[in-house]
Amino acid sequence: MPEADEVDEEEEMPLSLRLSIADTLTLGNATCGFMAVYFTTTGILIPHLTGNDESAGMARHSAATAVILMLCAAVFDLFDGLVARKLRSSPMGAELDNLSDLISFGLAPAYFVLVYGMVADDAHQRMAALGAIVVLLAVVLRLARFSCVTMKDGMFQGMPSPFGALTVVSIVLLELPFVATLLAIVGTAWLMVSRVEYPKPRGRLAGAMLSWIVLSMGLLAAWAFDAPSGQLLLQTGCALQLVMGAVIPLFATARRVNNFRDNRREARAAQLP
């Protein structure tokens with residue numbers, strides 16, 4: 001009997017290989033990112049290369065599907081962190097999260113930019129490829145820094161990669177002139193590797209983020225199915241995404257300045273007799 005117990009212990013799966021509920025959500029994140037690449041290829045790039053006459057409608061549906069999948073990946077990324085804090089997280093949870101984020105918020109949006117440079121009328125393919133590389137490398141550097149740098153609780157250093165990915169695809173969907181699009185994409189990549197502080201989506205902010213993602217999915221669906229004013233609604237939503245990317249760090253900076261002033265006032269008050 002003791003020998004049987006020893007065999008059972010040896011055959012038991014190591015702790016590092018057990019998947020938790022949070023890990024399952026993280027794998028859902030990676031799956032959504034991969035499927036976004038798939039729909040971008042089959043629904044936008046291949047019809048364009050083959051000269052399909054119906055490619056315009058197909059491209060709109062596939063572009064919307066690809067972006068919705070990136071939004072779903074952001075939902076998985078939001079909830080895997082919440083679940084990991086509430087329940088047990090496996091030892092490989094952090095590594096899985098970084099690898100999944102690289103697929104969904106690095107590869108998928110970078111590939112979206114690359115395909116945009118190949119199919120848009122006024123785009124330059126090589127410059128778009130350069131912009132795509134900048135986005136991918138920005139996410140790689142950001143995720144690597146996130147694993148090495150310890151930030152104060154409740155804050156991210158640099159634009160979070162899910163937010164950055166959604167901002168990049170919003171820039172593309174706005175259909176701005178190519179130079180303006182490329183500059184905005186490079187600016188977003190810079191924000192991801194910058195030291196600008198962004199608050200972590202917790203509590204009410206997490207609920208607001210989830211509501212915004214659901215609203216964005218609705219706008220994309222309306223645009224994909226050519227609903228009345230669907231194009232205007234999509235452009236409004238994309239423009240708001242860009243505004244939020246610029247305004248959120250301003251609020252965080254203003255709060256930091258106010259905290260600094262309050263600390264100075266308290267220090268002066270403590271020095272008074």
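Residues numbered from 1 in each chain as written. Predicted model: local features only at pLDDT ≥ 70, side-chain atom pairs only at ≥ 80, totals over all residues. Heavy atoms only, no water.

For the record, the criterion: UniProt positions are given in the numbering used here, feature names are shortened, and annotations may be inferred rather than shown by experiment.
Looking up the protein chain in an unreviewed UniProt entry gives the name CDP-diacylglycerol--serine O-phosphatidyltransferase, with the organism given as Streptomyces broussonetiae. Turning to the protein chain, the UniProt annotation filed under Catalytic activity (unreviewed entry) states: "a CDP-1,2-diacyl-sn-glycerol + L-serine = a 1,2-diacyl-sn-glycero-3-phospho-L-serine + CMP + H(+)". Looking at the Sequence similarities (unreviewed entry) heading of the UniProt record, one finds this comment for the protein chain: "Belongs to the CDP-alcohol phosphatidyltransferase class-I family."

**Brief notes about the nonpolar core**
Test applied: Buried Ala, Val, Leu, Ile, Met, Phe, Trp, Tyr and Cys residues that are joined via side-chain atoms within 4.5 Å together make up what is termed a nonpolar core. Think of it in three bands: residues with accessible area under 20% of the maximum for their type are buried, residues over 50% are exposed, and the middle band is partly exposed, with areas taken using a 1.4 Å probe on protein chains only. Runs of E in the DSSP output that reach at least two residues are strands. Runs of H or I that reach at least four are helices, and both are numbered from the N terminus.
Among the nonpolar cores identified, the biggest contains 44 residues, and Met70, Phe112, Leu173, Ile185, Leu220 and Trp223 are the most heavily contacted of them. Listing elements by their share of this core, those giving two or more residues are helix H2 (21-50), helix H3 (55-86), helix H4 (93-119), helix H5 (125-148), helix H6 (161-173), helix H7 (178-193), helix H8 (204-224) and helix H9 (230-271). Looking at this core, the element that brings in the most residues is H3, giving 10 residues. By size, the runner-up hydrophobic cluster in this structure holds 10 residues, among which are Leu143, Met159, Ala189 and Tyr198.

**Some remarks on the packing of aromatic side chains**
What counts, and what does not: Between the rings of Phe, Tyr and Trp (Trp by its six-membered ring), a pair exists once the centres lie within 6.5 Å; its type follows the angle of the planes, with under 30 degrees stacked, over 60 edge-to-face, and the other angles tilted.
The final tally for this structure, using the stated rule, is 3 aromatic pairs. Relative to Phe39, the ring of Tyr38 lies with its centre 5.3 Å away and its plane at 80°, an arrangement referred to as edge-to-face. Owing to a relative accessible area of 42%, Tyr38 belongs among the partly exposed residues under this scheme. Phe39 sits in the partly exposed class, given a relative accessible area of 27%. Arranged with centres 6.4 Å apart and planes meeting at 50°, the rings of Phe163 and Tyr198 form a pair that is tilted. A residue pair is termed long-range when its members are at least 10 positions apart, and Phe163 in helix H6 and Tyr198 in strand E2 (residues 197-199) qualify at 35 residues. Side by side, Phe163 and Tyr198 carry an identical accessibility label, which is buried.

**Describing the UniProt feature "transmembrane region" (unreviewed entry) in the protein chain**
The positions UniProt marks with the feature "transmembrane region" (unreviewed entry) are residues 25-46, 58-79, 99-120, 127-144, 164-193, 205-225 and 231-254. Here residues 99-120 runs as 95% helix and 0% strand, with 30 Å between its end C-alpha atoms. Between the first and last C-alpha atoms of residues 127-144 the distance is 26 Å; the span itself is 100% helix and 0% strand.

**What to know about the packing of H4 against H5**
To keep things clear, this is the line we draw: Between the N-to-C directions of two axes lies an angle of 0 to 180 degrees, each axis being a line fitted to C-alpha atoms and, for a helix, fitted only over the stretch in contact. Angle categories: roughly parallel below 35 degrees, roughly antiparallel above 145, roughly perpendicular from 65 to 115, and oblique for all the rest. Only heavy atoms matter for contacts: two residues are in contact if any of them lie within 4.5 Å across the pair. For this classification, the nonpolar set comprises Ala, Val, Leu, Ile, Met, Phe, Trp, Tyr, Cys and Pro, the charged set comprises Asp, Glu, Lys and Arg, and every other residue, Gly included, is treated as polar.
Running from N to C, H4 and H5 cross one another at 170°; their axes reach a closest spacing of 7 Å. By the angle class used here, H4 and H5 are roughly antiparallel. For the pair formed by H4 and H5, the contact residues are Asn98, Asp101, Leu102, Phe105, Gly106, Leu107, Ala110, Val113, Leu114, Gly117 and Met118 on the first element and Gln125, Ala128, Ala129, Gly131, Ala132, Val135, Leu136, Val139, Val140, Leu143, Phe146 and Ser147 on the second. Here the contact of H4 with H5 is composed, by residue class, of 16 nonpolar, 6 polar and 1 charged.

**Quick notes on the environment of Gln157**
As for its position among the elements, Gln157 is in strand E1 (residues 155-157). Spatially, the C-alpha atoms of Gln157 and Lys200 are 9.9 Å apart, while their sequence positions differ by 43 residues.

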